[in-house]
Amino acid sequence: MSILMTLRIALKALNRNKMRTVLTMLGMIIGVGAVITMVALGTGARTTIEERVKSAGTNMINVNAGNFSSGGVRMGQGNSTTLIPEDATAMRAIPGVQYVAAGANTRAQVIAGNQNWSTNIQGTDVDLPLIRSWPAKYGSFFSAQDVSGAQKVAVLGSVVSNTLFGEDVDPTGQIIRIKSQPFKVIGVMASKGQSAMGQDQDDTVFVPYTTVIKKLQGQQHINNVTVSAAQSDIINDVAEAIRVELRTRHKIQPGDADDFMVRTLEEMASVQTETAKTMTTLLASIAGVSLLVGGIGIMNIMLVSVTERTREIGLRMAIGARGKDVLLQFLVEAIVISLIGGMIGIGLGFGLSAAVQRFMQWPADISGDAIALAFGFAALTGIFFGFYPARKAASLDPIEALRFE
Amino acid sequence: MDRADLAAVAAAAEADGNVSIPSGTVISVRDLTKTYQVGDIEVRALRGASLDVKKGEFVCVTGPSGSGKSTFMHIIGCLDRPTSGQYFLDGKDVSRMSKDELAGIRNTKIGFVFQGFNLLSRTTALDNVELPLLYNGGKDRMKTSERHRRAKEVLEIVGLSKRMDHYPNQLSGGQQQRVAIARALINNPSILLADEPTGNLDTRTSIEVMDIFQKLNLEHGITVVLITHEMDIAEHGTRFVKFRDGKIQIDEQITKRRMASEELKLLPPPDDDNSHVPPSVAEQKQQQPAAH
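Residues numbered from 1 in each chain as written. Chains lettered and ligands numbered in written order. Predicted model: local features only at pLDDT ≥ 70, side-chain atom pairs only at ≥ 80, totals over all residues.

## A short note on the overall build of chain A
Reasoning step 1: Tallying secondary structure elements over chain A gives 13 helices and twelve strands in all.
Reasoning step 2: Among the 405 residues that make up chain A, the fraction classed as buried is 44%. (Helix = DSSP H or I, 4+ residues; strand = E, 2+ residues; numbered from the N terminus. Buried ≥ 20, exposed ≤ 12 C-beta atoms within 10 Å, placed from the backbone.)

Here it is in structure tokens:
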């Protein structure tokens, strides 16, 4: 008997009991739909992280002061006092370096009128908006003169501006107080949202780093340097060159540990991407279980079907069906159920992903891999779970089958 | 296989010194035995049965239950293989064939009619009749139109050409059995094997079905082997075979053959032969749950 004929017989048999066919299919539909949706959500999360990294500047390199140890007591990262403004200046000479912004941070209560807000005071350099491709919403970023003169000027992050002055209010020209010192607001940055690390990048106040170290902190060292490479493909070379330069400048002997940390954003992002990948795998596995349950459902129904149709099988054998023909018929029935179920499941997966994306604002990204995987798995499930009932049908004795009540 | 082939095969078998098969013999059974092992007990269902059935005969087989007639019929129908003995169907030894070969023989050489009709439910009469054509081993595979033509032909023979698009549950018991007969005929079998074909039918319908068997036998020359335990049904044949204790006890020609067409004239006119009326509850109960 030809495959086409077997297919036709199987379709007729399935058509004879539509309700049961549809219910059996439902297991496959939900299984495949769940796998596709879960993978889509996982992939969507990963894509979002990657996009955030890109928007933060893929060729960004962060140099942080290392840990500071004094008499065996090790302070936390960024507390080392060895990173100084001159280090940042020296980095400008390294080939491939495009922008350099020295940074010195502190936390402080910011006061404007009768409002106050505890926020991050980021002392930085004029290059920062260029490195981060970050435009100002109102006013402008501070100038090189402000930095060299350690002027008390401030550029607010949008969250700080909204908190202190209200939404959609241009606060340029106003005076805020940081650690009891008056700062003139000269600009507000556009909103940038969460960073790749999950921090709110808008909850901050930018001031010249010179102002932080001289006027606010009274220190000689800086906490970090933000560098951008001219192209993203040379980022690792540039990072290495910075490391070598800093070791020389800090007179670190070979074999001794760095007193600073050089990290590229990609490195940081890869950790997060890995996390997202793990999540995707986890979600897909859970969804895979439902696919498995769907498969067992097929086997269950096929077994019931074989018992119920014992007389039919006996009759088919009596009129000339070989064991092989019967096996193939039931196998094809199972495969047809799982494949059609799989196809509907793909549709369901698309629908669910779109719905989640739309109503829950979750990014979803349907990948061809996930579709192929789910569909292939559906077909395999059909063959695997259809085989046992089919073999049971094929091994029936026609005489016994015809007598079956 | 035509007659010349048949003779050649028979001659070849004779030359081998095995068995001599008279020409024109469709079924030739020699010393058939069948022993079942049921737990520790050996059940000897057949203890040496020999029978020759010529082409065009109408053999009615009877016997009490346990007499071996069912086992005999299963072997004749190639559903089972004998423990010993030989069975030549159309001159071909089928007693030692493999399961798949037997399936092929059943498909092309044997037409089965069962007590319970065994029609596929939710499948039209036409599709039911075509079913054996789907299993013809992929050899001379037929086009759909050709299959339809053949199915219509045989439905015509059993007088059901107007009901070919009906489903089994829209047909009376007698009509269902006629569909089953048409299905048995579609591959032009060497023998029509009927196992209690009237067991589920009332008297009038039984005679109607016997009428069809007789017509097929007389007008189309089809060899019929019919198993029944009702004597008046058995008397419609040309030959009477009775089994007892796994052996053939009586084997004789029927001299006063009953003719179903005559009997029908004597019966009151049919009151159930209109398909426009939906089948009664009793008839629905008779249908077989062959497929769901």
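After that view, the rundown keeps rolling.
## Looking at the overall build of chain B
Reasoning step 1: A count of helices and strands for chain B gives ten helices and ten strands.
Reasoning step 2: Here chain B holds 292 residues, and 47% of them are scored as buried.

## Observations regarding the sheet that holds strand S8 (residues 223-227) of chain B
All names here are of chain B.
Reasoning step 1: As summarised here, the arrangement of the six strands in space is S6-S7-S8-S3-S9-S10, forming an open sheet in which the pairing is mixed. In the strand order of this sheet, the two ends are held by strand S6 (110-113) and strand S10 (247-253), each with one partner. On average, each strand axis in the sheet is tilted by 20° relative to the strand beside it, whichever way the strands run.
Reasoning step 2: On top of the sheet, helix H7 (residues 203-219) reaches strand S3 (58-62), strand S7 (191-195) and S8; it is set at about 150° to S8, its chief contact. (Pairing = 2+ DSSP bridges. Axes fitted to C-alpha atoms, helices over the stretch in contact; angles between N-to-C directions. Contact = placed C-beta atoms within 7 Å.)

## Section: the interface of chain B and chain A
Reasoning step 1: The partner chain A presents 22 residues to the 25 residues of chain B that form the contact.
Reasoning step 2: For the side of chain B that touches chain A, the element with the highest residue contribution is helix H3 (residues 99-109) of chain B, accounting for six residues.
Reasoning step 3: Of the residues in the side of chain B that touches chain A, the class split is twelve nonpolar, seven polar and six charged. (Nonpolar A, V, L, I, M, F, W, Y, C, P; charged D, E, K, R; others polar.)

## Some remarks on the pairing of strand S8 (residues 175-178) of chain A
All names here are of chain A.
Reasoning step 1: Along S8, the buried face is formed by Ile176 and Ile178; none of Ile175 and Arg177, which line the opposite face, is buried.
Reasoning step 2: For strand S4 (residues 97-112) and S8, the ladder comprises two bridges, and the chain directions are antiparallel. Opposite valine 110, over in S8, you have isoleucine 178 as the bridge partner.
Reasoning step 3: Where S8 meets strand S9 (residues 181-189), four bridges bridge the pair, whose relative direction is antiparallel. Directly across from isoleucine 176, in S9, lies its bridge partner phenylalanine 183.
Reasoning step 4: Between S8 and S9, which pair antiparallel and follow one another directly, the connecting turn spans two residues, one of which, lysine 179, has a positive phi of 50°.

## A short note on the sheet that holds strand S5 (residues 92-93) of chain B
Reasoning step 1: Spatially, four strands are ordered S2-S1-S4-S5 (chain B) in an open sheet, and the strand pairing comes out antiparallel. Because the sheet does not close on itself, it has two edges, and the strands there are strand S2 (41-54) and S5 of chain B.

## So, unusual backbone geometry
Reasoning step 1: Residue alanine 150 of chain A is not a glycine yet carries a positive backbone phi of 50°.
Reasoning step 2: The residue alanine 150 of chain A is located in the loop between helix H5 (144-148) and strand S7 (153-156) in this model.
Reasoning step 3: The partly exposed category is assigned to alanine 150 of chain A, around which 18 C-beta atoms lie within 10 Å.
Reasoning step 4: Of note in this structure, asparagine 118 of chain B is not a glycine but carries a positive phi near 50°.
Reasoning step 5: Tracing the backbone through its elements, the reader meets asparagine 118 of chain B in the loop between S6 and helix H4 (125-130).

## So, the nonpolar core
Reasoning step 1: Val35 and Ile36 of chain A together with Ala182 and Val224 of chain B are the most contacted members of the largest nonpolar core, which totals 126 residues.
Reasoning step 2: The element best represented in this core is helix H2 (residues 18-57) of chain A, accounting for 13 residues.
Reasoning step 3: Those residues within four positions of isoleucine 36 of chain A in sequence are excluded, and the remaining contacts are Ile346, Gly349, Ile366, Ala370, Ile371 and Ala374 of chain A.
Reasoning step 4: Counting 53 residues, the second largest nonpolar core, distinct from the first, contains Leu83, Met91, Val153 and Leu216 of chain A. (Core = buried A, V, L, I, M, F, W, Y, C linked by C-beta atoms within 7 Å.)

## Here's the deal with helix H6 (residues 158-165) of chain A
Residue and element names in this part refer to chain A.
Reasoning step 1: Turning to H6, its buried residues number three or more, namely Ser158, Val160, Ser161 and Leu164. Looking down the long axis of H6, one finds its buried residues gathered within 160° of arc, a one-sided arrangement.
Reasoning step 2: Phi turns positive one or two residues past the end of H6, at glycine 166, with a value near 95°. (Arc of directions from axis to C-beta.)

## Describing the packing of helix H6 (residues 173-185) of chain B against H7 of chain B
All names here are of chain B.
Reasoning step 1: Between H6 and H7, whose axes approach to 9 Å, the crossing angle comes to 20°. In terms of orientation, H6 and H7 fall into the roughly parallel class. As for how H6 packs across H7, the hand of that crossing is right-handed. Every residue of H7 that contacts H6 at Gly173, Gly174, Gln177, Arg178 and Ile181 is listed here: Thr205, Glu208, Val209 and Ile212.
Reasoning step 2: Among the residues forming the contact of H6 with H7, the class breakdown is three nonpolar, four polar and two charged. (Parallel < 35°, antiparallel > 145°, perpendicular 65-115°, else oblique. Left-handed = near helix turned anticlockwise from the far one by under 90°.)

## Description of the pairing of strand S1 (residues 25-38) of chain B
Consecutive side chains along a regular strand alternate between the two faces of the sheet.
Residue and element names in this part refer to chain B.
Reasoning step 1: Pairing geometry for S1 and S2, over eleven bridges, is antiparallel. Bridging across to S2, valine 38 finds its partner in isoleucine 41.
Reasoning step 2: Between S1 and S2, which pair antiparallel one after the other, the connecting turn spans two residues, and glycine 39 there sits at a positive phi close to 65°.
Reasoning step 3: Two strands pair when backbone bridges link them, and S1 and strand S4 (residues 84-89) are joined in this way by five bridges, in the antiparallel orientation. Bridging across to S4, isoleucine 27 finds its partner in leucine 89.

## Digging into helix H2 (residues 69-76) of chain B
Reasoning step 1: In terms of burial, H2 of chain B is a largely internal element, eight of the eight residues being buried.
Reasoning step 2: A positive backbone phi angle near 60° is found at cysteine 78 of chain B, which sits one or two residues after H2 of chain B.

## Some remarks on the environment of aspartate 233 of chain A
Reasoning step 1: Locating aspartate 233 of chain A in the fold gives a position in the loop between strand S11 (224-229) and helix H8 (235-249).
Reasoning step 2: Along the backbone, aspartate 233 of chain A and asparagine 59 of chain A are 174 residues apart, and their C-alpha atoms lie at a distance of 8.0 Å.

## Observations regarding the packing of helix H11 (residues 323-359) of chain A against helix H12 (residues 368-394) of chain A
All names here are of chain A.
Reasoning step 1: Where H11 contacts H12, the two axes come as close as 7 Å, and the packing angle between them is 155°. If you check the angle between H11 and H12, you find them roughly antiparallel. H12 is crossed by H11, and the crossing has right-handed handedness.

## Concerning the environment of glycine 113 of chain A
Residues and elements named next belong to chain A.
Reasoning step 1: Summarising the element assignment, glycine 113 is placed in the loop between S4 and strand S5 (115-124).
Reasoning step 2: By C-beta crowding, glycine 113 is classed as exposed, having 11 other C-beta atoms within 10 Å.
Reasoning step 3: Each C-alpha atom of the pair glycine 113 and isoleucine 176 lies 7.7 Å from the other, and the pair is 63 residues apart in sequence.

## Regarding the confidence of the model for chain B
All names here are of chain B.
Reasoning step 1: The pLDDT averaged across chain B works out to 85; a share of 83% of its residues lies at or above 70.
Reasoning step 2: Within chain B, no element has a lower average pLDDT than helix H10 (residues 281-286), which sits at 45, and none a higher one than S8, at 96.
Reasoning step 3: Here residues 13-17 scores under 50 on pLDDT; set against residues more than four positions off or in separate chains, the count is five contacts.
Reasoning step 4: Note that residues 274-292 has pLDDT below 50 and, in this model, 38 contacts with residues that lie over four places away or in other chains. (pLDDT = per-residue confidence, 0-100.)

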